[in-house]
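Inside the fold
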Amino acid sequence: MEHPENSSEYAGLQVNSGVEQPSIINPYLKRNRFRRREISVGEMVEGIVKGDVTILSQAVTLIESINPDHQAKAQEVINKCLPYSGNSVRVGISGVPGAGKSTSIDEFGMHMLKEKGGKLAVLAIDPSSERTKGSILGDKTRMEKLSQHPDSFIRPSPSAGSLGGVARKTRETIILCEAAGFDKIFVETVGVGQSETACHSMVDFFLLIQVAGTGDELQGIKRGIMEISDGIVINKCDGDNVERCQMAAANFRNALHFFPMPESGWSPKVLCYSGFYGTGVKEVWDMIYQYIDFVKANGYFDFRRNEQAKYWMYESINEHLRLSFYNNPLIRTQLSAAEQTVLQGQKTSFMAAQNLLDTYFAELKK
């Protein structure tokens, strides 16, 4: 660019074009210098057993990956960690959105670590968007005390479309946390409402958090989630809300009389507490440990864990069959065409699905 100062009328002033600026990137920097070294399966298992939280987090990320190579490595890690697992108390926590699950976990966890010691792992499941498929993963910000405690591990995970408010890989994550020495594990669901059998099938005690004003006794009877709850607690029992919470607790106790006795022989209790002020937390933990002692004495504890292992075997079969179907090359080519026949009214949805399944099974026989 020509500067006007270089014209003849400014003979005593000369402006140069300037010096070319060097690149902001160091040319001597090796691009692969900061690439993270991939940890082997043996090193990962050794780190998990030693309680290395960083390696544990990497292993959980490996479990949640949909990459086939990552899944194969994750399964190998899980199988080697399996002998070190099973020595924990697993508590599932659910409730309607806004019931105070994260705040309650913060209080429950701090009370447990102070009174009982040990280590606590919190597996918080965050709902994924149906539009963007993304998750905020911000539950950890609500657990201010636990997030700073050296003996706690908080891992938010996206639900990624899994039913029951529990991520599909949560059960495998529980195994890794137990191998890392965490003897108390909380599984917080997204609070989807009335049927959370997935969470119930991976924990020892299922705690349902309710709030006052959700309905009368008839509403309590209709809620299917109450049938699988081992304990019900009414949160926000403080200030002017104490009387309403006690009335809600009475309604829930009356509703529980209409349900048959659970297989465990334990009659679910209904308690009131305040997660914000931390009152009544001790009574909730006393109920949980009373239940654990009760089911261990009558043998239901081991029976339930065996039933859970069987349940997740069938769930894994269903998942692998679904992935095998949709990843089949022939099915991929025919799927869009079958979809168009349904949209154009040439075939019913059931007939199109049956044709695709027939094609898939015929391909397997070849």
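Shown above is the structure to which this text applies.
Below is a summary of the structure that appears in this document. (Residues numbered from 1 in each chain as written. Predicted model: local features only at pLDDT ≥ 70, side-chain atom pairs only at ≥ 80, totals over all residues. Heavy atoms only, no water.)

Notes on the side chain of Glu178
- Mapped onto the elements of the fold, Glu178 is located in helix H5 (residues 170-179).
- A polar atom in the side chain of Glu178 sits 2.7 Å from the side chain of Arg90.
- The residues touching Glu178, leaving out its near neighbours within four places in the chain, are Tyr84, Ser85, Gly86, Asn87, Ser88, Arg90, Ile185 and Arg305. (Helix = DSSP H or I, 4+ residues; strand = E, 2+ residues; numbered from the N terminus. Polar contact = N/O pair within 3.5 Å; in protein donor to acceptor, adjacent residues only side chain to side chain. Contact = heavy atoms within 4.5 Å.)

Quick look at helix H2 (residues 53-64)
- An ideal rise of 1.5 Å per residue puts 16 Å on 12 residues; H2 measures up with 17 Å between its terminal C-alpha atoms.
- Within the sequence span of H2, burial applies to Ile55, Leu56, Ala59, Val60, Leu62 and Ile63. When H2 is viewed along its axis, its buried side chains cluster within an angular range of 155° and face the same direction.
- You can read the cap of H2 off the contacts: a side-chain oxygen lies 3.0 Å from the backbone nitrogen of Thr54, and it is on Asp52. (Expected span 1.5 Å × (residues − 1). Buried < 20%, exposed > 50% of the residue type's maximum accessible area, 1.4 Å probe, protein only. Arc of directions from axis to C-beta.)

Describing empty space enclosed by the protein
- Within this structure, the stated rule accounts for two cavities of 30 Å³ or more.
- Put simply, the second largest cavity is a space of about 30 Å³.
- For the second largest cavity, the full set of lining residues is Asp204, Tyr291, Val295, Tyr300, Phe301 and Arg304.
- Secondary-structure elements contributing two or more residues to the lining of the second largest cavity are helix H9 (281-298) and helix H10 (300-326).
- Element by element, the count of residues in the lining of the second largest cavity is highest for H10, at three residues. (1 Å grid on protein atoms, 1.4 Å probe; cavity = no way out; pocket = protein on both sides within 12 Å on 5 of 7 lines; lining within 4 Å. Points joined across faces, edges and corners; volume = space filled by probe spheres on them.)

Here we look at the nonpolar core
- Counting 46 residues, the largest nonpolar core has Met44, Ile48, Leu56, Val77, Leu176, Cys177 and Met226 as the members making the most contacts within it.
- Formed by 32 residues, the second largest nonpolar core is a distinct cluster that contains Leu146, Leu207, Val284 and Tyr300. (Core = buried A, V, L, I, M, F, W, Y, C linked by side-chain atoms within 4.5 Å.)

What about the pairing of strand S4 (residues 184-188)?
- Burial within S4 is extensive, with five of its five residues counted as buried.
- Of the two faces of S4, the one carrying Lys184, Phe186 and Glu188 and the one carrying Ile185 and Val187 are both buried.
- Relative to S4, strand S1 (residues 89-95) is paired through five bridges, and the arrangement is parallel. By the bridge assignment for S4, Ile93 is matched with Glu188. (Pairing = 2+ DSSP bridges.)

Looking at the pairing of S1
- Along S1, seven of the seven residues are buried, which leaves the element largely enclosed by surrounding structure.
- Going residue by residue along S1, you find Val89, Val91, Ile93 and Gly95 tucked away on one face and Arg90, Gly92 and Ser94 tucked away on the opposite face as well.
- Summarising the sheet, S1 and strand S5 (residues 205-210) pair through five bridges and their orientation is parallel. Looking at the pairing, Gly95 lines up with Ile209 of S5.

Section: the packing of helix H4 (residues 101-115) against H9
- Two elements in contact, H4 and H9, have axes whose closest approach is 10 Å; the angle formed by their N-to-C orientations is 70°. One element, H4, and the other, H9, form an angle in the roughly perpendicular class. Only Val281, Lys282, Val284, Trp285 and Tyr289 of H9 make contact with H4, whose side of the interface consists of Glu107, Phe108, His111 and Met112.
- Looking at the contact of H4 with H9 residue by residue, the class counts come to six nonpolar, one polar and two charged. (Axes fitted to C-alpha atoms, helices over the stretch in contact; angles between N-to-C directions. Parallel < 35°, antiparallel > 145°, perpendicular 65-115°, else oblique. Nonpolar A, V, L, I, M, F, W, Y, C, P; charged D, E, K, R; others polar.)

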